[in-house]
Amino acid sequence: SDQPSPAFIWNGNVLSSGMFPWSWHPRTSLRQGWKRYVSSNRSPRWKCYELTAGGSGCKTATVTDDGYRIESDTPKSAGGSGTAPQPVQLLLGALVGCEQATATFVAAKMRLPPIRRIEFHVLAERDEWGSLAPPIHVAPPELSRLQRIWGTAHVYSDATADQIAAIAEAVKRRCPVASMVIESGCELDVRWVKGEE
């Protein structure tokens, strides 16, 4: 590689290598700085997903590459047969499922007390004119996506309220589905609180 190897120099209160400086204070260590450097220079570690699906009318059956079957439908009032969850309901289910798994991972990596369970109550809203406004061949002025998701997540754990708040912040950053929701412009406001047994 043409990139020079780091040569660390102590210069007053700054540790530098010629490539990057770090302010040195009691809560910053060489190890943390090195982790940041390695993180910023590593290649992506792609995780890929695959599925097949087919449907008739408003109902769709999906099979994942590891063999799970998922069905979706719409209510009879929306032209479907009402025999399976609506696609947006599945999206919300994917969100809380991903947040649950991410929270379990984060708590373990932060060496916090394990999470026994999380109970979610989630609501969402969108402006239906984003999908229904005529004429159909013209883009509507309203957004069709979800505009707000809110609710509560009661976390049952021996972790403190502050530790649960730290888990919630990490979940927002690290949960792939939550990240996608936020990047879409949807307001994600699920309040994480300590559950009382």
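Scope of this entry: the structure provided in the associated data block. (Residues numbered from 1 in each chain as written. Predicted model: local features only at pLDDT ≥ 70, side-chain atom pairs only at ≥ 80, totals over all residues. Heavy atoms only, no water.)

### As for the sheet that holds strand β4 (residues 51–56)
Logical step 1: Spatially, β4-β5-β6 is the arrangement adopted by the three strands of the open sheet, whose pairing is antiparallel. The sheet terminates laterally at β4 and β6 (69–72), the two strands that pair on one side only. Across this sheet, the average inter-strand angle for adjacent strands is 15°, counted without regard to direction.
Logical step 2: As judged from the four bridges shared by strand β5 (residues 59–64) and β6, these two strands associate in the antiparallel manner. Across the sheet, the residue bridging to threonine 60 is serine 72, located in β6. (Pairing = 2+ DSSP bridges. Helix = DSSP H or I, 4+ residues; strand = E, 2+ residues; numbered from the N terminus. Axes fitted to C-alpha atoms, helices over the stretch in contact; angles between N-to-C directions.)

### Looking at helix α5 (residues 176–183)
Logical step 1: Within α5, the full set of buried residues consists of Val177, Ala178 and Val181. For α5, the angular spread of buried residues about the axis comes to 100°, placing them on one side. In α5, the exposed positions angled more than 90 degrees off the buried face are occupied by Pro176, Met180 and Glu183.
Logical step 2: Summarising the contacts, the buried residues of α5 are in contact with α2 (87–109), β8 (148–157), α4 (161–174) and β9 (187–194).
Logical step 3: With its phi angle positive at about 105°, glycine 185 sits one or two positions after the end of α5. (Buried < 20%, exposed > 50% of the residue type's maximum accessible area, 1.4 Å probe, protein only. Arc of directions from axis to C-beta. Contact = heavy atoms within 4.5 Å.)

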